[in-house]
Amino acid sequence: MKLFEHEAKEIFRAFGMPTPPGGVARTPAEARKRAEEVGKPVVVKAQVLAGKRGKAGGVKFADTPEEAEKYAEEILAMRINDLPVEAVLIEEKLDIEQEIYVGVTVDRNERKYVMIGSGAGGMSIEELAEESPEKIIKRHVDPSLGFQSYEARDMAIDMGFKGKDINKLSGFFTKLWNIVSKYDVELSEINPLILTKDGRFLAADARLNIDDNSLYRHKDVIERIKREPLEMNERERMATEQGMAYVELDGNIACICNGAGLTMATLDAVELFGGKASTFLDLGGGSDKERVENGIEIALMYDKVKAILVNIMGGITRCDDVANGIVAARDDKGIKVPMVIRMVGTNEKEGQEILAREGIPFLTTMEDAASKVVELVKEGK
Ligand code: GDP
Ligand code: MN
């Protein structure tokens, strides 16, 4: 899950990392107020989950609150990377002595986190890696020890810093490491971290991606999803809030399954028989009646869906619960598209009995179910 710059900075500050004074605005008038509070020239920055906002015209400098208001109006009307800008961040404009890069990501080959730094920040790390790879300093993090403060100082020295600056800069690495450990961060970048002409180090930009699989233990972050109009549609948001994996595709068959592997296999089976999936919906393990009903409800909200294929492997999930969920969905939601059901495993017989009693047809192999649903869509039933 990607956080907005202002949300990431909120976390940065909570961990003692300095960021430029300022705040978020959702209207031009609010932007003017924030700029008045800063009381200095400001930078007006589009809050979208996309990089390179600067190049897209989403970062502008304003000398007065009136100017900040005008730029906020322009930026709030923009789309960047096809995403609407719903807020701007107003912050003190810094006098740049040097732009620095500080980041962390997972090195999958080494199976370790890697801290990355460079005295040549501002441009993207990919560009820097092409132009001057020798300016990129890296250190892997020993998972049993964490990132040690002497290693952070070493990095600052290797990045070309001296004297008091070493401690000031290395503090960003240790704090970033603390954030990584607390929030199961997949990727974070401070680009640029600005060294001002008057000797301050401040995180001027902030990117923070949290591993989606860890969200269950970061309730405070989940709260943000509800509060923020994140770049998710209503269906994606509903599924995320319930811990289901939901992906929309271009076809017209909604595949509702349990387990990512089974869902992928079901999508493949649909393709194999000449159909196209509209929906990847992994209900997750231990799905009960309500979860199945909710999953079907979410899938039906997508207007491309012409048929539903439910494919469940009963383990912890019980087929009779699933069957009851299907029946409830049919009765409560008035389903107008055909449904094909295949379920095997725990309480299979009980589940099939429920479906048979309710007159809902079911199949026992994935191949039969996939070819059946494709056939129904082709017939336009
Ligand atoms: P990005 O383009 O989405 O990465 O947005 P950034 O927040 O990194 O801003 C783009 C560029 O604007 C930065 O690389 C800086 O050169 C510049 N910039 C951002 N904040 C400030 C600031 O406070 N003062 C000055 N002078 N430049 C800034
Ligand atoms: Mn940046």
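Since we're looking at a predicted model, the values are computed, not measured. (Residues numbered from 1 in each chain as written. Chains lettered and ligands numbered in written order. Predicted model: local features only at pLDDT ≥ 70, side-chain atom pairs only at ≥ 80, totals over all residues. Heavy atoms only, no water.)

**Student:** Got a sec to walk through the pairing of strand 14 (residues 245-248)? Specific residues and values, please.
**Tutor:** Side chains of strand 14 alternate between two faces, with Tyr246 and Glu248 buried and Ala245 and Val247 left unburied. In this structure, strand 14 lies alongside strand 16 (residues 277-282), joined through 4 bridges in antiparallel fashion. Each residue of the ladder has a partner; that of Tyr246, found in strand 16, is Leu281. (Buried < 20%, exposed > 50% of the residue type's maximum accessible area, 1.4 Å probe, protein only. Helix = DSSP H or I, 4+ residues; strand = E, 2+ residues; numbered from the N terminus. Pairing = 2+ DSSP bridges.)

**Student:** Explain the sheet that holds strand 4 (residues 59-62) to me, and be specific about the residues and the numbers.
**Tutor:** Strand order in the open sheet made by the 4 strands is 2-7-3-4, with antiparallel pairing throughout. Pairing within the sheet leaves two strands with one partner each, and these edge strands are strand 2 (22-25) and strand 4. Neighbouring strand axes in the sheet, compared pairwise and without regard to direction, differ in orientation by 20 degrees on average. Looking at chain direction, strand 3 (residues 42-46) and strand 4 are connected through 4 bridges and run antiparallel. Bridge pairing links Val42 to Ala62 in strand 4. On top of the sheet, helix 1 (residues 5-14) reaches strand 2, strand 3 and strand 7 (88-92); it is set at about 50 degrees to strand 7, its chief contact. (Axes fitted to C-alpha atoms, helices over the stretch in contact; angles between N-to-C directions. Contact = heavy atoms within 4.5 Å.)

**Student:** Summarise the nonpolar core; cite the residues concerned and give the values.
**Tutor:** Core analysis: the biggest nonpolar cluster contains 39 residues, and Ile100, Met115, Leu169 and Phe173 have the highest contact counts within it. Among the elements of the structure, helix 1, strand 8 (96-107), helix 5 (149-158), helix 6 (164-183), strand 11 (185-196), strand 12 (201-203), strand 13 (207-210) and helix 7 (219-227) are those that each provide at least two residues to this core. With residues near it in sequence (within four places) discarded, Phe173 still touches Val102, Met115, Ile116, Gly117, Phe147, Ala152, Met155 and Met159. With 29 residues, the next largest nonpolar core counts Ala299, Val322, Ala323 and Ile326 among its residues. (Core = buried A, V, L, I, M, F, W, Y, C linked by side-chain atoms within 4.5 Å.)

**Student:** Break down unusual backbone geometry for me, citing the residues and quoting the values.
**Tutor:** Cis geometry is found at the peptide bond from Asn191 to Pro192, where omega equals 10 degrees. On the secondary structure map, Pro192 appears in strand 11. Positive phi values are uncommon outside glycine, yet Asp184 reaches one of about 50 degrees. Positionally, Asp184 belongs in the loop between helix 6 and strand 11. Positive phi is not limited to glycine here, since Asn347 has a value of about 55 degrees. Tracing the chain through its elements places Asn347 in the loop between strand 18 (339-345) and helix 12 (348-357).

**Student:** So what's going on with the pattern of salt bridges? Which residues, and what values?
**Tutor:** Overall, the coordinates contain 29 salt bridges when judged by the stated rule. As a salt-bridge pair, Lys9 and Glu5 come within 2.7 Å of each other at their nearest N and O atoms. On the criterion of helical spacing, the pair formed by Lys9 and Glu5 is a turn pair, its members being 4 residues apart in helix 1. A single network of salt bridges, built from pairs that share partners, joins Glu5, Lys9, Lys45, Arg53, Glu91 and Asp205. (Salt bridge = Lys/Arg side-chain N within 4 Å of Asp/Glu carboxyl O.)

**Student:** Give me the side chain of Glu151: which residues, what numbers.
**Tutor:** Within the secondary structure, Glu151 sits in helix 5. As a buried residue without a salt bridge, Glu151 has its nearest oppositely charged side chain in Arg139, at a separation of 4.1 Å. Those residues within four positions of Glu151 in sequence are excluded, and the remaining contacts are Arg139, His140 and Gly146. (Lys, Arg positive; Asp, Glu negative; His and termini not counted.)

**Student:** Can you lay out the environment of Glu186 for me, pointing to particular residues and giving the numbers?
**Tutor:** Mapping Glu186 onto the fold places it in strand 11. C-alpha separation for the pair Glu186 and Asn294, spaced 108 residues apart in sequence, amounts to 29 Å. Setting aside chain neighbours within four positions, we find Glu186 in contact with Val104, Thr105, Val106, Asn209, Ile210 and Asp211.

**Student:** So what's going on with the domain arrangement of the protein? Which residues, and what values?
**Tutor:** Many analyses report the size of an interface as the accessible area lost when the parts associate. According to the domain assignment, the protein contains domain 1 (21-92), domain 2 (96-225) and domain 3 (234-379). Computed from C-alpha coordinates alone, the two centres of domain 1 and domain 3 are separated by 44 Å. (Domains from an automatic or database assignment.)

**Student:** Can you break down the site of ligand 1 residue by residue, with the values?
**Tutor:** Near ligand 1, the surroundings consist of 17 residues, among which Lys45, Arg53, Gly54, Leu94 and Glu99 are the closest. The contact in question runs from an oxygen atom of ligand 1 to an N or O atom on the side chain of Glu99, over 2.8 Å. In isolation ligand 1 offers 560 Å² of accessible surface; the protein chains occlude 82% of this area. Listed by contribution, the elements that provide at least two residues to the shell around ligand 1 are strand 3, strand 4, strand 8 and strand 11. Looking at the shell around ligand 1 element by element, the count peaks at 3 residues for strand 11. Of the residues that make up the shell around ligand 1, three or more belong to each of domain 1 (21-92) and domain 2 (96-225). (Near = heavy atom within 4 Å. Polar contact = N/O pair within 3.5 Å; in protein donor to acceptor, adjacent residues only side chain to side chain. Areas by Shrake-Rupley, 256 points an atom, 1.4 Å probe, with all protein chains shown as cover.)

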